[in-house]
Amino acid sequence: MPTSLTTLVTQHLATARDSSSGRSAETLVGGHSHTLRQTLIALRAGAALDEHENPGEATLHVLTGRVRLASGDTSTDGTTGDLLVIPDARHSLTALEDAAVLLTVAKLG
């Protein structure tokens, strides 16, 4: 049975808006013990994932809204439909407006 990202985005954005952290997430494929992991992350405008280590080879598909991916002195803004490559360094993610992204991670080794 297919997974409706549209439905999940709507649900998780509603949860994020009501959450004190401004975030909501759900792993849709895989997990920490798998090579491939895909996680839907919804962020209320202004909410952020503070700087953290690179999870492995990873991309961020902006499903809706606008986000800023920052690492060191560089940052990249992404809007609906954009695919961002996560840098191989510590980085953070901030929602410039209510946003939902699909994080895809391939853990090697």
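The following refers to the structure shown.

The rules we used
- Residues numbered from 1 in each chain as written.
- Predicted model: local features only at pLDDT ≥ 70, side-chain atom pairs only at ≥ 80, totals over all residues.
- Heavy atoms only, no water.
- 1 Å grid on protein atoms, 1.4 Å probe; cavity = no way out; pocket = protein on both sides within 12 Å on 5 of 7 lines; lining within 4 Å.
- Points joined across faces, edges and corners; volume = space filled by probe spheres on them.
- Helix = DSSP H or I, 4+ residues; strand = E, 2+ residues; numbered from the N terminus.
- Nonpolar A, V, L, I, M, F, W, Y, C, P; charged D, E, K, R; others polar.
- Pairing = 2+ DSSP bridges.
- Axes fitted to C-alpha atoms, helices over the stretch in contact; angles between N-to-C directions.

Considering the layout of surface pockets
Take a probe with the size of a water molecule and roll it over the atoms, and the empty space left behind shows itself.
In step 1: Reported here for the largest pocket is a volume of approximately 200 Å³.
In step 2: Lining the largest pocket are 15 residues, and of these Arg37, Ile41, His52, Pro55 and Leu103 lie nearest its centre.
In step 3: Mapped onto the lining of the largest pocket, the elements with two or more residues apiece are strand E2 (36-43), strand E3 (48-52) and strand E8 (91-95).
In step 4: Tallying contributions element by element places E2 first for the lining of the largest pocket, with 3 residues.
In step 5: Taken together, the residues of the lining of the largest pocket sort by class into 8 nonpolar, 5 polar and 2 charged.

Quick notes on the sheet that holds strand E6 (residues 74-79)
In step 1: Read from one edge to the other, the open sheet built from 4 strands follows the order E3-E8-E5-E6, with strand pairing classed as antiparallel. In the strand order of this sheet, the two ends are held by E3 and E6, each with one partner. Within the sheet, the average angular offset between the axes of one strand and its neighbour, ignoring direction, is 15 degrees.
In step 2: Two strands pair when backbone bridges link them, and E3 and E8 are joined in this way by 3 bridges, in the antiparallel orientation. Looking at E8, one finds that leucine 49 is bridged to leucine 93.

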